[in-house]
Amino acid sequence: MTDTQKLARAIHFDESDMRVFASPARTGEWCISGGFEFSNWGEADLEGKARQAFSNGWFGLETGGRVTFVAVTQVEAAELAALTDALAQHFVTYYGAPSVEAARPVAAEEVAQMADLCAEHDPNTLLTVARELSEAGVRETYRSIAPQDAGLEQFAIHGSVDE
């Protein structure tokens, strides 16, 4: 494992996410795929804003909202631990996990999967997710958009490191 890890933050280029998602993620919040939300869904569940969240929404770890684009950036180990705990609490609150302690391994795996996805990309790389229902369940595919020489810095939200 390297000293620096990466995760992704919600990024908005316009106001469209505010209209297409029932609960939009906040700009700059840490995100993961969040496909777990759809594990028991079928075609009948895929209507309106729920369909949009299913089709291409990343899951915001602070708000539980959705966003279309995320940008890869560095994350501190302490932040990863706090995000894992927050996700474990989300599993207790919204999915009936018996305790934060019981939910933490699943939350850690979700966060680790996103960190692994981000690890192979340069900072400021944009990521999108696409989901579809298959015989085996929800299938996710990811697309990356390389950072441009100019322009992205005005949108990307970066954490600061006190050294």
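Please refer to the structure higher up on the page.
In short, a report on the structure. All values reported here derive from a predicted model rather than from experimental measurement.

### Describing the pattern of salt bridges
- One pass over the full model with this rule turns up 6 salt bridges.
- Notably, a salt bridge pairs Glu62 with Arg26, separated by 2.2 Å at the nearest N-O pair. A residue pair is termed long-range when its members are at least 10 positions apart, and Glu62 in the loop between β3 (58-60) and β4 (66-67) and Arg26 in the loop between α1 (16-20) and β2 (30-32) qualify at 36 residues.
- A salt bridge links Glu37 to Arg66, with the nearest nitrogen and oxygen atoms 2.6 Å apart. Residue Glu37 is located in the loop between β2 and α2 (48-56), and its partner Arg66 is located in strand β4; the two are separated by 29 residues in the primary sequence.
- Using a relative accessible area of 27% as the deciding quantity, one classes Glu37 as partly exposed.

### Re the sheet that holds β2
- Within the open sheet, the 7 strands sit side by side as β4-β3-β2-β1-β5-β6-β7. Their pairing is antiparallel. A single partner strand is all that each edge strand has here, and the edge strands are β4 and β7 (137-145).
- Across 9 bridges, the pairing between strand β6 (residues 126-134) and β7 is antiparallel. Across the sheet, Val129 pairs through a bridge with Tyr142, a residue of β7.
- Together, β1 (5-11), β2, β3 and β5 (69-75) form the strand contacts of helix α3 (residues 77-95), whose direction differs from that of β1 by roughly 60°.
- Contacting β1, β2, β3, β5, β6 and β7, helix α4 (residues 100-119) runs over the sheet at an angle of about 95° to β1.

### A closer look at the layout of surface pockets
- In this structure, the largest pocket encloses a volume near 310 Å³.
- Ser23, Glu37, Phe59, Gly64 and Gly65 are, among the 21 residues lining the largest pocket, the residues nearest its centre.
- For the lining of the largest pocket, the elements supplying multiple residues, two or more each, are α2, β3 and α3.
- Here the residues of the lining of the largest pocket sort into 11 nonpolar, 6 polar and 4 charged.

### Quick word on the pairing of β1
- Extensive coverage of β1 is indicated by the burial of 6 of its 7 residues.
- Sheet topology note: the β1/β5 ladder contains 7 bridges and is antiparallel. Bridging from a neighbouring strand, Leu7 pairs with Thr73 of β5.
- When β1 meets β2, the two strands line up antiparallel, connected through 2 bridges. Residue pairing across strands places Arg9 opposite Trp30, the latter belonging to β2.

Scoring rules and cut-offs
Residues numbered from 1 in each chain as written. Predicted model: local features only at pLDDT ≥ 70, side-chain atom pairs only at ≥ 80, totals over all residues. Heavy atoms only, no water. Salt bridge = Lys/Arg side-chain N within 4 Å of Asp/Glu carboxyl O. Helix = DSSP H or I, 4+ residues; strand = E, 2+ residues; numbered from the N terminus. Buried < 20%, exposed > 50% of the residue type's maximum accessible area, 1.4 Å probe, protein only. Pairing = 2+ DSSP bridges. Contact = heavy atoms within 4.5 Å. Axes fitted to C-alpha atoms, helices over the stretch in contact; angles between N-to-C directions. 1 Å grid on protein atoms, 1.4 Å probe; cavity = no way out; pocket = protein on both sides within 12 Å on 5 of 7 lines; lining within 4 Å. Points joined across faces, edges and corners; volume = space filled by probe spheres on them. Nonpolar A, V, L, I, M, F, W, Y, C, P; charged D, E, K, R; others polar.

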